[in-house]
Every structure is written in C-alpha cells, then in structure tokens.
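Commentary on secondary and tertiary structure
Residue-level listing of the chains:
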Amino acid sequence: MLSPAFIDWQQQRLNEHKNADLWRHHVSLQSPQSTKVRCENQTLVNFSSNDYLGLANHPLVLEAATLGLKKFGLGSGASHLICGHSEAHETLQQTIADWLGAEKVILFSSGYMANFALLTTLLEQHDLIVQDKLNHASLIDAGLSSKASMKRFIHNDPQSLAQQLKTQARFKMVVCDGVFSMDGDIAPLPNYLHQLEANSFIAIDDAHGLGVLGKKGQGTLSHFQLNFNQVPLLMGTFGKAIGTSGAFIATNKVLGEVFEQFARTHIYTTAIPPAIAEATRSSIEIIKSDDARRTRLKNNIQYCQQLAKELELPILLSETAIQPVILGESKLCVSIAKKLREHGFWVGAIRPPTVPKNTARLRLALSSEHSE
C-alpha cells in the first residue's frame, strides 16, 4: 500500500513543476500527420512536427504499409533473435546499408533503445564516453547507464573535446548529435576528427540529419563527405524525415555483430511490425530519388530566415529544418505559443529541462511541404 506521505511528496513535485510553467500534456490529433492538422476540433498549421519531408502520410509509403500488412500481418510476434525477424526486416537492413555505405545495420524499436545500445554495449569499465553537453536526453541517459565513465564537453567546441579526451582510459568514444534537435545546428565532425587519439573514435546520433542533409539524404556524414572508416557508428531513426517508426545502428561487420549478440535493447524487445519495415523501405527509396523535397525544404529554411530577419525575431539561424526562436522565460514562451494556437498555428514551446535554463524557445520545425 502506498503511504500518504509518498503520495503527498509526488503531488508536491507536480505542483512545483506546474508553478514553474513546465507542465506538459498530451494533445490528440484527429488527422494524419501533415503541415495542416486537425486537433481538438481546430485546424492548425503545423510547425511542431519532425516530418521534415512530408513522408508520414505519403501515398506510396501508405501503400507499402498496406501491402506489408496483407503479406506479413500486423505484429512481428517476437524479438529479432527469436522468430520476429522477417524478410521485411532483412530487406530494410540491406536497403539502409546500401544507402549509407555501411557493412551492417541492426534494427531497434525506437531511437531511445538504439542509443541505449550504442553506449552500453561496446564499452566497459576503464573506458570513457565523451559527450556534447547538448546531446539528446537518450544519449545522456545511456551514458549514465554505461559501465564506462562519462565526461561532457562544451557544445560544438573541439578544444573542449580535446581537453576531455586527455582523461586516461582504455578506449574512448566521442558521442554527439549530427544535427541538434533543439538548436538545429550541425556538429563540426571534421574538427572532431583532428582531436582523436589512437584509442578513440566517434559515434553520431543522426536522427535529425538523416534524409535532410547530404547526397540522396544520406545525412551528416555525407554533408561533410565523411565515411564509416572515419565515423564508424551512426544511429538513425525512422520517426523524423523518414516518417515511420523505429531506429537502427549502421556500422562495420564486427561491431554490427557485437550489437546483434550483446545489445539488450535489440535482443529483449519485440521487433517493429513488418509492415512498418516495408513502409520505411518505401520512404527511403523516395528520399534517395526525390531531391525536389530537399530543395523545397532548403528554400523554406531560407525564406523563414528572411522573414525572421525582417521581423527582428531572436532566431538561431541554422542550416536545417529546426529554427528556434529564443525567448528565455518559460512563462513567456508558453503564453506566445498559446496565442499562436488561438490564431491557427501550432508551434512547440520548448522549456527546461529539454533545453538549458533561461533558453525557453519556440521551436519552428519546417517541412518541404510548407507553402510560403
């Protein structure tokens, strides 16, 4: 039985959270994901979605999912290493490997689980993880759960990274987002490579770069013309530009087999539905062949920045679909987001702890399908 004191303590935590203007709640869509959505009986222009290329409701992606349902049914039934790994999963893995130029790809049911595997599977005691201070929460949590020690370096600062790499350790993994989800800026990967020692290597979370940056949407590595010999580990998600659900790690054959044999979040969870794998493969084929979507997105980014400059908005200019308007105070941020909602615009109000204190912001997430 729960004690009254325990419930009182939890209620106190909730009250403090609400009083600090940090309260969050679920909002239910009544329509497919798009640049215009129906929500709580109101049509809103959507600037909150990570569906950067408008593929979450693309007819060919939906058709692939439907055909996948007819062929494979709905649930995968088990984990990948029991009987849940279907022909659809195998084909998707090979599609991603061919697209990105990796030797091996391992699937996961979410980006959080993939990042957990990335930081808890490869390293042990006497090893070191060095992370960017603004890395995604899943990377920070995974680092804290790893047997390795963890240090953090100043955001996008190669010299700070170099300082942290001076720590004695057997092997050292440098981990950062390719594109940072709240600032929209890109990690300076070539500069990081210059800081590496013989026993260190880089892994990136390219959730927000994949599909958007680089040749054929290959992401941050392609953006900098890097390969898997230079950056041997890449985590990518399907829930952003690809428009479906799930995640993967792309790497070389040896490390891929290590994840397959030892990554607990791959071994001990049900595989994504085969129909989702089929839809994801279809979406990737569109991304590879349809440069027009990336061109439209790039034009929208430039147009957004032009308007922000004219209106003197405190926007962080980035090369990516994420354009944050920094307001500082959480209360002000929530208030403006609410006012925008009343006028038919859905813009995310991002507050601590998602972002550092005093950097609350409106996160404008752009899509190739937004009109001027």
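Values in this document were obtained by computation on a predicted structure and should not be read as measured data.

Describing the pairing of strand E5 (residues 149-153)
Inspection of the sheet shows strand E4 (residues 128-132) paired to E5 by 5 bridges, in the parallel sense. Its bridge partner lying in E5, Ile 129 is registered against Met 150.

Structural notes on the state of the cysteines
All chains considered together, the criterion is met by 0 disulfides. Free of any disulfide, Cys 39 has its nearest neighbouring cysteine sulfur in Cys 333, separated by 18 Å.

Describing the pattern of salt bridges
Counted by the stated rule, this structure contains 14 salt bridges. Here Glu 257 makes a salt bridge to Lys 253, at a shortest N to O gap of 2.8 Å. Taken as a pair, Glu 257 and Lys 253 lie in helix H10 (residues 253-262) at a separation of 4 residues, close to a single helical turn. For Lys 253, a relative accessible area of 47% corresponds to the partly exposed category.

Points about the packing of aromatic side chains
Throughout the structure, instances matching the rule amount to 3 aromatic pairs. When the centroid spacing of 5.5 Å and the interplanar angle of 85° are considered together, the rings of Phe 153 and Tyr 192 count as edge-to-face. Taken together, the positions of Phe 153 in strand E5 and Tyr 192 in helix H8 (residues 189-193) put the pair 39 residues apart, joining distant regions of the chain. Overall, the relative accessible area of 0% leaves Phe 153 in the buried class. Exposure remark for Tyr 192: the relative accessible area of 0% places this residue in the buried category. Positioned over the ring face of Trp 9 is Arg 13, at 5.7 Å from the centre of the ring.

Details of the environment of Phe 238
By the element assignment, Phe 238 lies in the loop between strand E8 (233-237) and strand E9 (247-251). Separated by 28 residues in the primary sequence, Phe 238 and Leu 210 have C-alpha atoms spaced 8.9 Å apart. Excluding its chain neighbours within four sequence positions, the residues that come into contact with Phe 238 are Leu 92, Ile 96, Leu 107, Gly 243, Thr 244, Ser 245, Gly 246, Ala 247, Phe 248, Ile 272 and Thr 280.

Notes on the nonpolar core
Soluble, globular proteins show a tendency: their nonpolar side chains are buried together. Ranked by internal contacts, the top residues of the largest apolar core, which has 65 residues, are Ile 96, Leu 100 and Phe 248. Top contributing element to this core by residue count: helix H4 (residues 87-100), with 6 residues. Filtering out sequence-adjacent residues up to four positions away, Leu 100 remains in contact with Leu 210, Gln 218, Phe 228, Leu 234, Phe 248 and Ala 250.

Some points on the sheet that holds strand E13 (residues 360-365)
In sheet architecture, strand pairing relies on hydrogen bonds along the backbone and comes in two forms, parallel and antiparallel. Read from one edge of the open sheet, 3 strands run E10-E13-E12, paired in antiparallel fashion. The sheet is open, and its two borders are formed by strand E10 (322-328) and strand E12 (348-350), each paired with just one other strand. Neighbour-to-neighbour, the strand axes of the sheet open up by a mean angle of 30°, direction not taken into account. Direction of pairing for E12 relative to E13: antiparallel, over a ladder of 3 bridges. Note that in E13 the partner of Ala 349 across the bridge is Leu 362. Contacting E10, E12 and E13, helix H14 (residues 330-342) runs over the sheet at an angle of about 35° to E13.

Topic: a nonpolar patch on the surface
A surface patch of nonpolar side chains, amounting to about 420 Å² of accessible area, comprises Leu 2, Phe 6, Ile 7 and Trp 9. Under the relative-accessibility criterion, Trp 9 is labelled partly exposed at 47%.

Re helix H6 (residues 137-145)
Among all positions of H6, only Ser 138, Leu 139, Ile 140, Ala 142 and Gly 143 are buried. Residues of H6 that are buried make contact with helix H5 (111-120), E4, E5, strand E6 (172-177) and strand E7 (200-205).

Digging into the environment of Arg 363
Looking at the secondary structure, you find Arg 363 in strand E13. Separated by 179 residues in the primary sequence, Arg 363 and Gly 184 have C-alpha atoms spaced 9.4 Å apart. Side-chain polar atoms of Arg 363 contact the side chain of Asn 50, separated by 3.1 Å. Within the structure, the side chain of Arg 363 is placed 2.7 Å from the backbone oxygen of Ser 181, a separation counted as a polar contact.

Section: the sheet that holds E4
Reading across from one edge, E3-E9-E8-E7-E6-E4-E5 is the order of the 7 strands in this open sheet, with mixed pairing throughout. Bordering the open sheet on either side are strand E3 (104-108) and E5, each of which pairs with just one other strand. Direction aside, the axes of adjacent strands within the sheet are offset by 20° on average. Note: E7 against E8, 3 bridges, orientation parallel. Bridge pairing in E8 places Ile 204 opposite Leu 234. With respect to the sheet, H10 is in contact with E3, E8 and E9, its orientation differing from that of E3 by roughly 25°.

Parameters at a glance
Along each chain, the written sequence defines residue order, and numbers are assigned to residues from 1. Whole-chain, interface and lining totals are the exception, using all residues; otherwise, since this is a predicted model, local features are given only for residues with pLDDT of at least 70 and side-chain atom pairs are given and counted only at 80 or more. Side-chain descriptors were evaluated using all non-hydrogen atoms of the structure, hydrogens and water having been removed beforehand. When DSSP finds at least two bridges between two strands, those strands are taken to pair. Starting at the N terminus, helices and strands are each numbered in turn, a helix being any DSSP run of H or I of at least four residues and a strand any DSSP run of E of at least two. By disulfide we mean two sulfur atoms from cysteines, separated by a distance within 2.5 Å. Salt bridges are identified by distance alone: a Lys or Arg side-chain nitrogen within 4 Å of an Asp or Glu carboxyl oxygen. For every residue, the accessible area (1.4 Å probe, protein chains only) is compared with the maximum for its type, and the residue is labelled buried under 20%, exposed over 50%, or partly exposed between those bounds. Between rings of Phe, Tyr and Trp, where Trp is taken as its six-membered ring, a pair exists when centres lie within 6.5 Å; planes separated by under 30 degrees are stacked, by over 60 edge-to-face, and by other angles tilted. The criterion for a charge sitting over a ring is simple: Lys NZ or Arg CZ within 6 Å of the ring centre, and within 35 degrees of the ring normal. Residue contacts are defined here by distance: any two heavy atoms, one from each residue, within 4.5 Å place the two residues in contact. Buried Ala, Val, Leu, Ile, Met, Phe, Trp, Tyr and Cys residues form a nonpolar core when they are joined through side-chain atoms within 4.5 Å. Geometry is summarised by axes, namely lines fitted to C-alpha atoms with helices restricted to the contacting stretch, and by angles between N-to-C directions that run from 0 to 180 degrees. Here the term patch refers to residues with relative accessible area over 30% and no salt bridge, with like charges joined within 9 Å and nonpolar side chains (Val, Leu, Ile, Met, Phe, Trp, Tyr) within 5 Å. In short, Shrake-Rupley with a 1.4 Å probe defines the accessible areas, and a residue's cover is counted only from the protein chains shown. Any pair of N or O atoms that falls within 3.5 Å is considered a polar contact. Within protein, one atom must be able to donate a hydrogen and the other to accept it, and sequence-neighbouring residues count only if both atoms are side-chain atoms.

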